[in-house]
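The chain contents come next:
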Amino acid sequence: MSPLRVTVVGSGNWGSAIAKIVGSNTSKYPDIFHNEVRMWVYEEEVNGRKLSHIINNDHENVKYLPGVRLPTNVIAVTDVKESVSDSDILVWVLPHQFVKRVCDQIKDHVKPGAASLSCIKGLQDAAELSLISSLIAEQIGTECSVLMGANIANEVAREEFSEATIGCNNPDMCGVYQNLFNTPYFKTTPVQDSVTVELCGALKNIVAVAAGFIDGMGLGGNTKAAIIRIGMREMMKFSRMFCETSRESTYFESCGVADLITTCYGGRNRKGIGSLREDGETSRSAGDGVVG
């Protein structure tokens, strides 16, 4: 079998951190992966230079992940169609509101038999609630696994130890994804329960908003712990309603309880809502910190 080509669809903070891991591992396993990793970059100018040129020449995403060197085999490509051409694995790491638009652009350029993996935490806002992985699978015709966990991008990029959960229902791909993402500082565990893994990544943000209100109201650790416990029970209940095959054990992987704790103490949703004033008025910065 020919080495698998990998494309990272997205180049923001988390996308660049993922590209660092993927670039390192494709070089480490030349029998499995093609060395070159394409990273789709939405072109911008930074201090008079094109961002793609900076990444390809200086090997650093100075706008979204400054101070972190990217592997030299990570190549910034500004044409999204070109970036996915001939790729066997598409790793999706971009804001969820742009997924459908990108799918529309690339659906006629995706290699037959290609696979997708989504690192996007969120749900599709449509008439009927649905998963981002389902949207990708339906739009471009690839199976779509997921990677979720207690992963703050800057900490992962600094190689501080963390874990992630790979939700993959295809046993043949579980090992491939572990080779693509597993490092001494980024430990991945495959789980054949991709729906629950993805729901964890989306639903924990709702609980984090509640945790932010607790902080903004000046309440203490006891109250926040109660909110986290109650919130996790509600997440598990929702998962069972959404998918009958959802496994409670998945919530005890990194994608579940670990990501919930991390987000409730240090995530952007918690920080944004946490700027609530004691008089009940939200500060101007509160809304700016909240992500979908």
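The present account deals with the structure reproduced in this document. (Residues numbered from 1 in each chain as written. Predicted model: local features only at pLDDT ≥ 70, side-chain atom pairs only at ≥ 80, totals over all residues. Heavy atoms only, no water.)

Before going further, it helps to spend a moment on the overall build of the chain. A count of helices and strands for the chain gives 12 helices and 12 strands. Against the globule reference of 19 Å for 292 residues, the chain gives a C-alpha radius of gyration of 19 Å, in line with a compact fold. Here the C-alpha coordinates of the chain stretch approximately 55 × 50 × 40 Å along the principal axes. When the accessible surface of the chain is totalled, it reaches about 13700 Å², and 49% of it is carbon and sulfur. In the chain, the 28 positive side-chain charges and the 34 negative ones have mean positions that sit 3 Å from each other. (Helix = DSSP H or I, 4+ residues; strand = E, 2+ residues; numbered from the N terminus. Rg over C-alpha atoms; globule rule 2.2 N^0.38 Å. Areas by Shrake-Rupley, 256 points an atom, 1.4 Å probe, with all protein chains shown as cover. Lys, Arg positive; Asp, Glu negative; His and termini not counted. Charge placed at Lys NZ, Arg CZ, Asp CG, Glu CD.)

A separate point is the packing of aromatic side chains. For the coordinates displayed, the defined rule picks out two aromatic pairs. Taking the centre distance of 6.4 Å and the plane angle of 65° together, the rings of Trp14 and Phe186 count as edge-to-face. Of this pair, Trp14 sits in helix H1 (residues 13-28) while Phe186 sits in strand S12 (residues 186-191), placing them 172 residues apart in sequence. The buried category is assigned to Trp14, whose relative accessible area is 16%. Note on Phe238 and Phe242: the rings are 6.0 Å apart at their centroids and 20° apart in plane angle, and the pair reads as stacked. In this pair, Phe238 and Phe242 both sit in helix H9 (residues 221-242), four residues apart, roughly one turn of the helix. (Phe/Tyr/Trp six-rings, centres within 6.5 Å; stacked < 30°, edge-to-face > 60°. Buried < 20%, exposed > 50% of the residue type's maximum accessible area, 1.4 Å probe, protein only.)

Tracing the backbone shows Ser83 in helix H3 (residues 80-84). Excluding residues that lie within four positions of it along the chain, Ser83 makes contacts with Thr7, Arg38, Trp40 and Val77. (Contact = heavy atoms within 4.5 Å.)

Moving on, we get to the nonpolar core. Within the largest apolar cluster, 43 residues are counted, with the highest numbers of intra-cluster contacts made by Trp14, Ile89, Val91, Tyr177 and Phe181. Apart from residues no more than four positions distant in its own chain, Ile89 is found in contact with Leu4, Arg5, Val6, Thr7, Phe33, Ala115, Met173, Val176, Tyr177 and Leu180. In terms of nonpolar packing, the next biggest core, distinct from the first, is built from 21 residues, Leu199, Ala202, Leu203 and Ile228 among them. (Core = buried A, V, L, I, M, F, W, Y, C linked by side-chain atoms within 4.5 Å.)

A cluster of nonpolar side chains, namely Phe213, Met217 and Leu219, defines an oily patch on the protein surface of about 280 Å² accessible area. Residue position: Phe213 is located in helix H8 (residues 194-216). Judged by its relative accessible area of 36%, Phe213 is partly exposed. (Patch = residues over 30% accessible without salt bridge, like charges linked within 9 Å, V, L, I, M, F, W, Y side chains within 5 Å. Salt bridge = Lys/Arg side-chain N within 4 Å of Asp/Glu carboxyl O.)

We now examine the environment of Arg247. Here Arg247 shows up in the loop between H9 and helix H10 (254-266). Measuring from C-alpha to C-alpha, the distance between Arg247 and Asp193 comes to 7.1 Å, with 54 residues separating the pair along the chain. Of note is the side chain of Arg247, whose polar atom sits 3.1 Å from the backbone oxygen of Gln192. (Polar contact = N/O pair within 3.5 Å; in protein donor to acceptor, adjacent residues only side chain to side chain.)

In a packed pair of helices, the relevant descriptors are the angle between the two axes and the axis-to-axis distance. Where H8 meets H9, the closest approach of the two axes is 9 Å, and the angle between their N-to-C directions is 150°. Relative to H9, the element H8 lies roughly antiparallel. Two packed elements cross with a definite hand, and for H8 against H9 that hand is right-handed. Contact residues: Val195, Thr196, Leu199, Cys200, Leu203, Lys204, Val207, Ala210, Ala211, Ile214 and Asp215 in H8; Thr223, Lys224, Ile227, Ile228, Gly231, Met235, Phe238, Ser239 and Phe242 in H9. Of the residues assigned to the contact of H8 with H9, the class counts are 13 nonpolar, four polar and three charged. (Axes fitted to C-alpha atoms, helices over the stretch in contact; angles between N-to-C directions. Parallel < 35°, antiparallel > 145°, perpendicular 65-115°, else oblique. Left-handed = near helix turned anticlockwise from the far one by under 90°. Nonpolar A, V, L, I, M, F, W, Y, C, P; charged D, E, K, R; others polar.)

Let us now look at the sheet that holds strand S7 (residues 115-118). The strand order S5-S2-S1-S6-S7-S10-S11-S12 describes an open sheet built from eight strands, whose pairing is mixed. Both outer strands of the open sheet, strand S5 (74-77) and S12, are each paired with one neighbouring strand and no more. In this sheet, adjacent strand axes meet at a mean angle of 25° when their direction is disregarded. Of the strand pairs in this sheet, strand S1 (residues 4-9) and strand S2 (residues 33-40) are connected by five bridges, and their pairing is parallel. If you follow Val9 over to S2, its bridge partner there is Trp40. With respect to the sheet, helix H2 (residues 51-58) is in contact with S2 and S5, its orientation differing from that of S5 by roughly 165°. (Pairing = 2+ DSSP bridges.)

Most of strand S11 (residues 162-167) is tucked away, with five of its six residues classed as buried. A crossover links S11 with its parallel partner S12, the connecting element being helix H7 (residues 171-181), and its sense is right-handed. (Right-handed = clockwise from strand over helix to strand, strands pointing away.)

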